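The primary structure of each chain is shown beneath.
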Amino acid sequence: CAVVRSDKTTLVIDTGPDFRAQMTALGIRTIDAVLYTHAHSDHIMGIDELRIVKLRSKKLVNIYANEATIGELRRRFEYLFNDHPDIDLYPCVLNPDIIDPSAYGKPMTIGDITFTPYNQDHGDMDCLGYRFGNLAYSPDMLHIDDAAIETIRGVDIWIADGAGYHFEDHKTHAPLSRIYKLNERIKAKKIYVCGLSKFMDYKALCGELPPGFEPAYDGLRIEASL
């Protein structure tokens, strides 16, 4: 998962299994919204911790995602979406907002942070990426189409899934060669490769990646123009 913060607004992207530990490490006690990319377990299984966020803020937690992701979250975590008057311990926690395909490529604003969603091919499902000012966040992608490229073209910073590494026939994650090729059109100045797999070593990647590319790591902090 990731967090995007201004002086006034805190947005979280995904709630991974270690969501509580990461929020605690960063000292984040309240958030304004969660933007979900997709519903694979490694991106959602910390969702129960949003109960504490709601308890502190005394209001429902707004979550944003495409229709398929909201549907899967409802199926797996029904108790977070609905009140259970017969069991007072489990009140509704989440207020879902579906990002329709018609909204892709169009700016949306929460608090004082504006973001633009775009679609990504994740092999067996669609996944949302998000642009924030001069930064684009593209986790868990096999490929992106022309519309997505146009949405993020010209960013200074691109955080991109390269977990396919050197497996050109990977079914769900982009190989490094595809990230290089895509950036010929996107033209980001700095690219952080995320989603590092068991086949990838940080030090080896540092020596292998071309200029302008670096491997991401847990706790990475980036100053961006929002």
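Here, every reference points to the structure presented above.
Please read all numbers here as calculations on a predicted model, not as lab measurements.

Conventions and cut-offs
- Residues numbered from 1 in each chain as written.
- Predicted model: local features only at pLDDT ≥ 70, side-chain atom pairs only at ≥ 80, totals over all residues.
- Heavy atoms only, no water.
- Helix = DSSP H or I, 4+ residues; strand = E, 2+ residues; numbered from the N terminus.
- Rg over C-alpha atoms; globule rule 2.2 N^0.38 Å.
- Buried < 20%, exposed > 50% of the residue type's maximum accessible area, 1.4 Å probe, protein only.
- Contact = heavy atoms within 4.5 Å.
- Areas by Shrake-Rupley, 256 points an atom, 1.4 Å probe, with all protein chains shown as cover.
- Lys, Arg positive; Asp, Glu negative; His and termini not counted.
- Charge placed at Lys NZ, Arg CZ, Asp CG, Glu CD.
- Pairing = 2+ DSSP bridges.
- Right-handed = clockwise from strand over helix to strand, strands pointing away.
- Disulfide = S-S within 2.5 Å.
- Core = buried A, V, L, I, M, F, W, Y, C linked by side-chain atoms within 4.5 Å.
- Axes fitted to C-alpha atoms, helices over the stretch in contact; angles between N-to-C directions.

A.B. asks: Hey, could you run me through the overall build of the protein chain in this one?
C.D. replies: Looking only at helices and strands, one finds 7 helices and 12 strands in the protein chain. Here the C-alpha radius of gyration of the protein chain, 18 Å, is about what a compact globule of 226 residues would show, namely 17 Å. When its C-alpha atoms are laid out on the principal axes, the protein chain stretches across 60 × 35 × 35 Å. Buried residues in the protein chain amount to 45% of all 226 residues. For the protein chain, the proportion of contacts with a sequence separation of at least 24, taken over those separated by at least 6, is 54%. Entry remark: accessible area of the protein chain is about 11600 Å², with carbon and sulfur atoms responsible for 50%. Charge centroids of the protein chain, computed over 25 positive and 33 negative side chains, lie 5 Å from each other.

A.B. asks: Just checking my understanding: could you explain the pairing of strand E10 (residues 157–161) for this structure?
C.D. replies: In summary, the side chains of a regular strand alternate between the two faces of the sheet. Taken across its 5 residues, E10 has 5 buried, putting it largely inside the fold. With burial as the criterion, each face of E10 is covered, one bearing Ile157, Ile159 and Asp161 and the other bearing Trp158 and Ala160. Pairing geometry for strand E9 (residues 135–138) and E10, over 4 bridges, is parallel. Bridge pairing links Ser138 to Ala160 in E10. By the bridge criterion, 5 bridges tie E10 to strand E11 (residues 190–194) in an arrangement that is parallel. Its bridge partner being in E11, Asp161 is matched across the sheet by Cys194. Handedness of the β-α-β unit built from E10, helix H6 (residues 176–186) and E11 comes out right-handed.

A.B. asks: It is not clear to me how the state of the cysteines should be interpreted in this structure. Could you clarify?
C.D. replies: Joining two cysteines, a disulfide is a covalent bond between their sulfur atoms. Throughout the structure, instances matching the rule amount to 0 disulfides. Lacking any disulfide linkage, Cys194 is separated from the closest cysteine sulfur, that of Cys127, by 9.9 Å. Take Cys194: its relative accessible area is 12%, and that puts it in the buried class.

A.B. asks: Where do I start with the nonpolar core in this structure?
C.D. replies: Across soluble globular proteins, nonpolar side chains have a tendency to be buried as a group. Core analysis: the biggest nonpolar cluster contains 23 residues, and Ile144, Ile152, Trp158, Ile179 and Ile186 have the highest contact counts within it. Only helix H5 (146–152), E10, H6 and E11 provide two or more residues apiece to this core. Top contributing element to this core by residue count: H6, with 4 residues. If we skip the residues at most four places from it in the chain, Ile179 touches Met141, Trp158, Ala160, Asp161, Gly162, Ala174, Ile191 and Phe213. Among the nonpolar cores identified, the runner-up in size contains 22 residues, and Ala39, Val53, Ile63 and Leu73 belong to it.

A.B. asks: So what exactly am I meant to see when it comes to the pairing of strand E4 (residues 61–65) here?
C.D. replies: The buried count for E4 comes to 4 of 5 residues, which makes it a mostly enclosed element. Both strand E3 (residues 33–35) and E4 contribute to a ladder of 2 bridges, which runs parallel. By the bridge assignment for E4, Val34 is matched with Ile63. In terms of strand pairing, E4 meets strand E5 (residues 94–98) through 5 bridges, oriented parallel. The residue bridging Ala65 from the neighbouring strand is Ile98, located in E5.

A.B. asks: Sorry if this is basic, but what is going on with the sheet that holds E5 here?
C.D. replies: Hydrogen bonds along the backbone pair up the strands of a sheet, which may run parallel or antiparallel. With mixed pairing, the 5 strands of this open sheet are ordered in space as E1-E2-E3-E4-E5. The outermost strands of the open sheet, each flanked by one partner alone, are strand E1 (2–5) and E5. For this sheet, the mean inter-axis angle between neighbouring strands, taken without regard to orientation, is 25°.

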